[in-house]
Amino acid sequence: MIPLNELLNAMQKAKDFLFAQIEKGASKNQDEIAPNLQKKVSLQHFDSSRFQKNIHIYSHLDADGLSAAAIMAKMFTRENIGFQITILNQLESQYIATIAEEISKYNRFIVLTDFGSGQYEILKEKLKTTDFLILDHHKPEKIDNPPEINHINPYFYDIRGEDEISGAGICYLFSKIMNEKNQDLAALAIVGAIGDMQNNNDKSEFKGINQKILQEAMNDRKIILEKNIAISRTRPLIQSLIYSLPLEIEGLSGSYDGVVQFLNRINIQATDELNHSRTLIDLSEMEKKTLTNALIQYALVEKGISTDDIKKLVTTFYILTDFDPKISVSDAREMSSLLNACGRRGKQGVGIAALLGNAEALTDAMSEKKDYKKELSRAIQSAKKQIREYEYIRTVYDNTIDERIIGTICSILIHSDLQHDKPLIAFADSDNHFLKVSSRANRELLDKGLDLGIVMRKACQQLKIQNPAGGHPPAAGAKIKTAHLKDFIEKVNEFVKEQIG
Ligand SMILES: [Mn+2]
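Residues numbered from 1 in each chain as written. Predicted model: local features only at pLDDT ≥ 70, side-chain atom pairs only at ≥ 80, totals over all residues. Heavy atoms only, no water.

**Student:** What should I look at first to understand the coordination of the manganese ion in this one?
**Tutor:** Around a metal, the ideal angle is 109.5 degrees if four donors adopt a tetrahedral arrangement and 90 or 180 degrees if six donors adopt an octahedral arrangement. For the manganese ion, the full set of protein donor atoms is Asp64 (OD), Asp114 (OD), His137 (NE2) and Asp196 (OD), and the range of their distances to it is 2.1 to 2.3 Å. Within one chain, the residues serving as donors to the manganese ion are arranged as D-x49-D-x22-H-x58-D. With a gap of 73 residues between them, aspartate 64 in helix H2 (residues 63-78) and histidine 137 in the loop between strand S5 (132-135) and strand S6 (151-152) connect regions that are remote in the sequence. Given the relative accessible area of 0%, histidine 137 is considered buried. (Donors = N, O, S within 2.8 Å, 3.2 Å for Na, K, Ca; no water. Helix = DSSP H or I, 4+ residues; strand = E, 2+ residues; numbered from the N terminus. Buried < 20%, exposed > 50% of the residue type's maximum accessible area, 1.4 Å probe, protein only.)

**Student:** Can you help me understand unusual backbone geometry in this one?
**Tutor:** Among all residues except glycine, the phi angle is most often negative; among peptide bonds, the trans geometry is most common. Its identity is not glycine, yet aspartate 114 carries a phi of approximately 60°, on the positive side. The topology assignment puts aspartate 114 in the loop between strand S4 (109-113) and helix H4 (120-126). You will see that arginine 221, though not glycine, has its phi angle at about 55°, which is positive. Within the secondary structure, arginine 221 sits in the loop between helix H7 (208-219) and strand S7 (223-229). Note on arginine 221: relative accessible area 56%, which makes it exposed.

**Student:** So what exactly am I meant to see when it comes to the pattern of salt bridges here?
**Tutor:** When the charged atoms of two side chains with opposite charge come close together, those side chains can pair. For the structure shown, the criterion picks out 29 salt bridges. Measuring nitrogen to oxygen at the nearest pair gives 3.1 Å for the salt bridge that ties aspartate 431 to lysine 479. Taken together, the residues aspartate 431 in the loop between strand S11 (424-429) and strand S12 (434-440) and lysine 479 in strand S14 (residues 475-481) connect sequence positions 48 residues apart. Look at aspartate 431 and you get partly exposed, because its relative accessible area is 33%. Here the residues in one salt-bridge network are Arg345, Lys347, Glu368, Asp371 and Glu375, joined through shared partners. (Salt bridge = Lys/Arg side-chain N within 4 Å of Asp/Glu carboxyl O.)

**Student:** How should I be thinking about the sheet that holds S14 in this particular structure?
**Tutor:** Taken together, 6 strands build an open sheet; the order of strands is S9-S10-S11-S12-S14-S13 and the sheet is mixed. The sheet is open, and its two borders are formed by strand S9 (387-389) and strand S13 (470-471), each paired with just one other strand. As defined by bridge partners, S12 adjoins S14 across 7 bridges and the pair is classed as antiparallel. Across the sheet, serine 438 pairs through a bridge with glycine 477, a residue of S14. Where helix H17 (residues 452-462) meets the sheet, its contacts fall on S11, S12, S13 and S14, and the angle it forms with S14 comes to roughly 15°. (Pairing = 2+ DSSP bridges. Contact = heavy atoms within 4.5 Å. Axes fitted to C-alpha atoms, helices over the stretch in contact; angles between N-to-C directions.)

**Student:** Looking at this structure, I do not really get the UniProt feature "domain: DHH-CID" (unreviewed entry) in the chain. What am I missing?
**Tutor:** Cross-referencing UniProt, the feature "domain: DHH-CID" (unreviewed entry) maps to residues 233-314 in the present numbering. For residues 233-314, the helix share is 49%, the strand share is 1%, and the end-to-end C-alpha distance is 13 Å. (UniProt positions renumbered as here; feature names shortened; annotations may be inferred.)

**Student:** Please clarify how the domain arrangement of the chain should be interpreted in this entry.
**Tutor:** Assigned domains of the chain: these are domain 1 (3-197), domain 2 (227-378) and domain 3 (385-500). Each of domain 2 and domain 3 was reduced to a C-alpha centroid, and the two centroids are 33 Å apart. Here domain 2 meets domain 3 over a buried area of about 640 Å², counting both sides, of which 51% is carbon and sulfur. Among the residues domain 2 hides against domain 3, the three largest losses belong to Arg344, Leu376 and Arg378. Together they make up 65% of the total. Joining domain 2 to domain 3, the criterion identifies 0 salt bridges. For the pair domain 2 and domain 3, the interface holds 3 residue pairs in polar contact (both at pLDDT 80 or more). Those elements giving two or more residues to the side of domain 2 that touches domain 3 turn out to be helix H12 (332-344) and helix H14 (359-384). (Domains from an automatic or database assignment. Buried area = accessible area lost by both parts, 1.4 Å probe. Polar contact = N/O pair within 3.5 Å; in protein donor to acceptor, adjacent residues only side chain to side chain.)

**Student:** Please clarify how H14 should be interpreted in this entry.
**Tutor:** Taking 1.5 Å as the rise per residue, H14 with 26 residues should run 38 Å; its terminal C-alpha atoms sit 38 Å apart, in good agreement. Taken together, the buried positions of H14 are occupied by Ala361, Leu362, Ala365, Glu368, Lys369, Tyr372, Leu376, Ala379, Ile380, Ser382 and Ala383. Structurally, H14 contributes buried residues whose contacts are with H12, helix H13 (348-355), S9, strand S10 (394-397) and helix H15 (406-414). Taking the backbone nitrogen of glutamate 360 as reference, a side-chain oxygen 3.0 Å away marks asparagine 358 as the first, capping residue of H14. (Expected span 1.5 Å × (residues − 1).)

**Student:** Would you mind going over empty space enclosed by the protein with me for this structure?
**Tutor:** Space left empty within the atom packing is revealed by a probe, the size of a water molecule, rolled over the atoms. Evaluated as defined, the whole model comprises 1 cavity of 30 Å³ or more. Its boundaries defined by the atoms lining it, the largest cavity holds a volume of some 30 Å³. Around the largest cavity, the lining residues are Ser117, Tyr120, Glu121, Pro140, Glu141, Lys142, Asp144 and His151. Among the residues making up the lining of the largest cavity, the classes are represented as 2 nonpolar, 2 polar and 4 charged. (1 Å grid on protein atoms, 1.4 Å probe; cavity = no way out; pocket = protein on both sides within 12 Å on 5 of 7 lines; lining within 4 Å. Points joined across faces, edges and corners; volume = space filled by probe spheres on them. Nonpolar A, V, L, I, M, F, W, Y, C, P; charged D, E, K, R; others polar.)

**Student:** Would you explain the side chain of threonine 316 in this entry?
**Tutor:** Structurally, threonine 316 can be placed in strand S8 (residues 314-320). The buried category is assigned to threonine 316, whose relative accessible area is 11%. Discounting chain neighbours no more than four positions away, the residues touching threonine 316 are Leu225, Glu226, Lys227 and Arg333.

**Student:** What am I meant to see in the pairing of S14 here?
**Tutor:** Regular strands show a simple pattern: their side chains alternate between the two faces of the sheet. Of all 7 residues making up S14, 5 are buried, and the element is well covered by its neighbours. Pairing between S13 and S14: 2 bridges, direction antiparallel. Bridging from a neighbouring strand, glycine 470 pairs with glycine 477 of S14. Counting the residues between successive antiparallel strands, the hairpin from S13 to S14 contains 3 residues.

**Student:** Can you help me understand the confidence of the model for the chain in this one?
**Tutor:** Note that predicted coordinates carrying low pLDDT should not be read in detail. When pLDDT is averaged along the chain, the result is 91; 94% of the residues meet or exceed 70. Segment residues 26-42: pLDDT under 50, and 42 contacts once partners within four positions in sequence are set aside and those in other chains are kept. (pLDDT = per-residue confidence, 0-100.)

**Student:** Could you clarify how one ought to interpret the nonpolar core in this entry?
**Tutor:** The tendency in soluble globular proteins is for nonpolar side chains to be buried as a group. Leu7, Ile55 and Phe76 are the most contacted members of the largest nonpolar core, which totals 76 residues. Among the elements that line this core, the one with the most residues is H2, at 10 residues. Two domains each provide a minimum of three residues to this core, namely domain 1 (3-197) and domain 2 (227-378). Apart from the residues within four sequence positions on either side, isoleucine 55 is in contact with Leu18, Ile22, Phe76, Ile81, Gly82, Phe83, Gln84, Phe109 and Val111. Judged by nonpolar contacts, the second largest core, of 28 residues, contains Ala441, Leu445, Val455 and Phe488. (Core = buried A, V, L, I, M, F, W, Y, C linked by side-chain atoms within 4.5 Å.)

**Student:** Got a minute to help me understand H13 in this structure?
**Tutor:** Three or four residues apart is the spacing at which side chains of an α-helix point the same way, because the helix has 3.6 residues per turn. With 7 of its 8 residues buried, H13 lies for the most part within the structure. Looking only at H13, the buried set comprises Gln348, Gly349, Val350, Gly351, Ile352, Ala354 and Leu355. Of the residues flanking the end of H13, it is glycine 357, one or two places downstream, whose phi is positive at about 100°.

Here it is in structure tokens:
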């Protein structure tokens, strides 16, 4: 059988399993939430229905995790199944213990999205198989064959969770098994996949199941592809060309006069008849073509920029048609970074509601994003001063950086100027003398065979660290005691050496 069909078969069984579980066993306290989780709850919908159990969805804090949660929220609402959502930065053992308590006290059924596969062993130890369902795409600890009914993961079917399908994509496929109507959520799966940078290849294209999902979203006109110059779509044209070109073009980048002359030369007005600044989306199709061609011509002929670099000037925008095209987040990439900002600032509910089309939430989310940007640029400047060199790795430990953004900082730094020959391991203070660990590697290191997921897991095992580490080859995380820092760095350095030394 082809892998996708096998995956869908498993989902069909998992759906029947889920219904069987929530139909039995009356819950005493349908409206209560485990008290110590109360402050983390962001969204809930309880309904009196034929179902005996309510569902508690736990999902990951990033854009993919929030998109996954939004899909599940819509799906359960449509089926009139009561649910609540809690978003966690990482599924740590302390939360698994709380979940176990919650199940026995309130008789909940647990759905874990965009995480869980990396913690399956400990979940199985603390919970009964009949109490939870995992919908994840991170590489599982063990590839069981056949996998258990409550554990859905593409890797069991030879589908790469790294770039062929996201957590939101898995939830989307599951939601369609639940109800064909949910095909209208395909665009949300694409937002999730973009959040996990699954189209981060030379052509910015999706592959595997992501490509199929994109096609479904396009068939229903939920997403429109738009090839255009890779500048901001919603900032004033002049500013966009001065500041947001993807490569430096002498005479335009940073030059107000240069850009104004350039636009004059090709007869494109930077302002409209009311003297308002025009943006890329205000331009007519004809003007967009003129601008793109003129820009390529200028860069190629007058500035001698290589054809490889020229390609970067044009990009594909994934336009979400459910949103006003005049706002930045009608671009799926912007939407995904909006969700990410909401998650990192502890406003997960706002992010999910915005993605589901709530206008008020969208306004709030956009202002969160502004604050988030400020916070990031401060943190990057600060982190750069804390970089330390080891033989096979670089580390950053900055106690002024919030643990929720350390992964982002790590990603930005690994793709910045100097960090190309070694992976970067970043640490931030967490609660109770613990450190949150984030690690990132670039393409060159991956091609050499580096798998940070394995490195993190092995280092944790060796140091008998209770919290299981998780992740992919290019990005992995963990949580360790501050006292373990030195030993942990040593182990990571050693295991990276084993892989690429
Ligand atoms: Mn994900």
